[in-house]
Amino acid sequence: MSEFVFATAQYESGDWDSAPLVPANLIDSIARYTSIPVAPTGAVVPLASSDALRFPFLFLTGHLPVRFSEQERGTIRKYLDRGGFLFIDDHNHDIDGAFHKTVTEEIVRAGGPLVRVPKRHALYSSFFQFPDGPPNTSHELNGWGDNLLHPELSAVLRGDRIALLYSNKDYSSEWSYHPENKRFSSVDNTRFGVNIVVYALTR
Amino acid sequence: MRSRGSGRVLAEHVLRGVAVVALTVLAVRLWRAGPAPGDAVVAPNALDSALVQWTANPPASATAGAGPAPSARHRDWLLALRRNGTTIRWRSEDSSGSALVVEDAPLPGLPRRIRFRSQPGTSVMLSDLLGRVDSGTVGASGAMAWRASPVGAASAVSARAEPVASPRDSLAVRPVLVLGQAGWEGKFVIAALEEDGWRVSARLTVAPGAVVMQGPVSRIDTSSVSAVVLLDSLSPVEAPRLQRFVQDGGGLVAAGPGTRHPAVRAIVTARVSSSAPGVLGALQGPAPREGLATRTVRAGTPGAIPIERRGNDPVVVGQRIGAGRVVVAGYEDTWRLRMAPVRDDAPSDHRAWWSSMVASVALPRLLPRDIGYIDEAPFAATVDALGRPQLAGADRRAGPRLPWEALLLALALAGLLAEWASRRLRGQS
């Protein structure tokens with residue numbers, strides 16, 4: 001049985017590597033809380049390459065404007081249709097920000113319309129329980145970015161399955177720290193990341 | 001001593017006598033071959049009105065004329081007349097019979113299987129409640145097959161018969177239970193089966209004591225599950241329970257690490273080799289399963305049949321155990337088939353392969369249907385009800401025979417002609 005590999009999508013525009021510690025942190029959480037075989041290091045895969053299909057879970061983040069190439073759009077379309085799971089997070093936490101405006105356009109163009117994920121969705125109970133929907137980040141609570149609390153996530157569906165999950169809660173900042181520093185937190189804030197991975201692996 | 005002239009006269013008398021005897025025998029034969037007193041013979045297109053008439057005034061015997069085998073309604077009516085004392089016979093143009101069968105497909109969501117049997121060369125038109133579905137000519141094998149889902153009963157109209165058929169029972173398949181570790185293999189196997197119409201329940205282990213569940217199935221028995229797909233070696237399935245499930249008719253597919261599950265070993269005592277890598281680049285080629293890592297499977301129990309091989313080594317093995325069936329597939333990470341980037345048909349191939357494996361073991365539940373009017377094999381049903389037919393144009397006696405009537409007539413004519421010629425040559429009128 002192959003291991004779960006946390007893969008980060010590398011795209012040609014923008015800054016795809018803006019949250020370099022997120023993969024290691026989530027890999028640590030998956031190994032810590034679950035018995036899912038997980039590769040100890042993540043992978044980086046160009047979105048324009050068909051190699052992206054070898055990794056059915058992809059993480060994509062950034063601050064800067066995003067314009068996917070035709071090849072990248074084609075890969076995303078095929079990836080979602082075949083059962084891949086793409087998690088995109090807005091590293092700006094700003095609905096007026098360049099990343100949000102451009103990436104949502106690109107998502108609709110490549111994958112289809114974005115719909116709200118209701119708070120009772122299986123995503124919020126796939127491993128840990130989040131009865132109030134997506135957990136808020138410290139960046140939202142501290143009033144950074146657009147100074148808003150975003151109560152819901154958005155998604156592109158294939159059937160009733162989330163194929164692409166989009167967040168503008170800035171989990172990229174929230175989870176971008178060395179895993180060893182979890183011991184200083186009373187509650188591990190990466191637990192929702194485990195839910196996302198478990199959902200991707202089981203639905 | 002008789003003169004030459006008196007001998008010739010004697011010969012003329014003999015010839016005249018032969019002619020008279022031949023004509024007499026011919027007349028008697030024709031008299032006997034005609035309908036018996038009180039026998040009513042009717043053509044197929046007049047059978048409706050004849051049945052009404054025979055019911056009002058029953059003849060001593062009646063014969064339904066040559067043509068297609070009588071329909072079920074006519075057959076029942078003729079049978080009622082026979083039981084009322086009338087001798088019923090029927091004629092047919094051929095004794096090959098025609099039959100039509102409609103069955104549900106073995107996989108959920110697929111069109112039904114329709115099969116027609118008749119004499120080679122027979123033209124047939126397939127229809128359903130909404131009208132014509134297809135038409136064709138029966139080939140040399142005498143069989144035709146369609147994949148379609150007719151609305152209501154299907155009928156196959158030909159010159160020989162008009163059989164009508166619909167599925168006698170519905171092939172209801174209970175859910176398939178997928179057991180495994182949370183991972184890409186379980187996710188994509190579930191997706192493939194669901195996309196092909198199966199109802200899938202799943203128990204995917206995420207952590208000790210944490211299981212992601214899908215669907216309503218809570219126990220493994222043939223009243224709840226048609227097949228179990230086992231994808232890992234650690235799922236908490238007890239061997240005796242799984243063994244009883246298979247013995248009772250349930251299906252089991254063990255794949256990847258699932259081939260090494262103790263419960264599977266207890267059932268098929270399969271010896272699974274260590275993993276061998278797939279052929280580099282084969283995932284993009286015409287035989288993509290060659291690109292998967294595999295384990296050779298050698299079943300220790302008798303009766304195991306290799307279904308797929310890599311080289312000479314069996315990698316998929318099937319076996320009947322009790323009333324159930326087991327397939328052990330040594331392929332690993334079959335989800336890679338679906339995500340092969342170059343081939344556009346990769347998802348459908350992956351779907352079809354998994355669906356066929358599960359279909360080959362799944363226990364179907366046959367539910368009788370209210371099928372209404374059907375007449376699947378009119379010829380056979382008529383033979384069953386009224387006995388064997390008289391072949392049209394044939395004598396009541398079986399076997400080939402000489403054309404006696406023609407011979408007798410020719411003999412009479414030849415005798416008279418010879419007698420007349422002899423008299424004329426003698427100078428007598």
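Look a little higher up for the structure.
Quick look at the structure, then. Since the model is a prediction, treat every value here as computed from it, not as a measurement. (Residues numbered from 1 in each chain as written. Chains lettered and ligands numbered in written order. Predicted model: local features only at pLDDT ≥ 70, side-chain atom pairs only at ≥ 80, totals over all residues. Heavy atoms only, no water.)

## What about the pattern of salt bridges?
Overall, the coordinates contain 27 salt bridges over all chains when judged by the stated rule. Residue B:Arg113 pairs with B:Glu103 through a salt bridge whose shortest N-O separation is 3.5 Å. Here the residue B:Arg113 occupies a position in strand 5 (residues 112-117), and B:Glu103 occupies one in strand 4 (residues 99-103), the gap between them amounting to 10 residues. Under the relative-accessibility criterion, B:Arg113 is labelled partly exposed at 30%. One salt bridge connects B:Arg298 with B:Asp313, and the closest N-O pair in it is separated by 3.1 Å. Of this pair, B:Arg298 sits in strand 18 (residues 297-299) while B:Asp313 sits in strand 20 (residues 313-321), and the two are 15 residues apart along the sequence. The exposure class of B:Arg298 is partly exposed, given its relative accessible area of 36%. Residue class for B:Asp313 comes out partly exposed when judged on its relative accessible area of 31%. Members of the salt-bridge network, linked through shared partners, are A:Arg67, A:Glu70, A:Arg73, A:Glu105, A:Glu106 and A:Arg109. (Salt bridge = Lys/Arg side-chain N within 4 Å of Asp/Glu carboxyl O. Helix = DSSP H or I, 4+ residues; strand = E, 2+ residues; numbered from the N terminus. Buried < 20%, exposed > 50% of the residue type's maximum accessible area, 1.4 Å probe, protein only.)

## A look at helix 6 (residues 191-202) of chain A
Residue and element names in this part refer to chain A. The end-to-end C-alpha separation of helix 6 is 17 Å, in line with the 16 Å expected for 12 residues at 1.5 Å each. With respect to burial, helix 6 is a largely interior element, 11 of its 12 residues being buried. Within the span of helix 6, buried status applies to Phe192, Gly193, Val194, Asn195, Ile196, Val197, Val198, Tyr199, Ala200, Leu201 and Thr202. (Expected span 1.5 Å × (residues − 1).)

## Here we look at the side chain of B:Gln214
Along the chain, B:Gln214 turns up in strand 14 (residues 210-214). Every residue in contact with B:Gln214, bar those within four places of it in the chain, is listed here: A:Thr202, B:Ile190, B:Glu194, B:Val200, B:Ser201, B:Ala202 and B:Arg203. (Contact = heavy atoms within 4.5 Å.)

## Quick word on the pairing of strand 6 (residues 153-158) of chain A
Residues and elements named next belong to chain A. Sheet topology note: the strand 5 (residues 115-117)/strand 6 ladder contains 3 bridges and is antiparallel. Its bridge partner lying in strand 6, Val115 is registered against Ala155. Taken together, the 5 bridges between strand 6 and strand 7 (residues 161-167) define a ladder with antiparallel strand orientation. Residue pairing for strand 7: Ala155 is matched across the bridge by Leu165. The turn linking strand 6 back onto strand 7 is made up of 2 residues, and Gly159 within it adopts a positive phi angle of 70°. (Pairing = 2+ DSSP bridges.)

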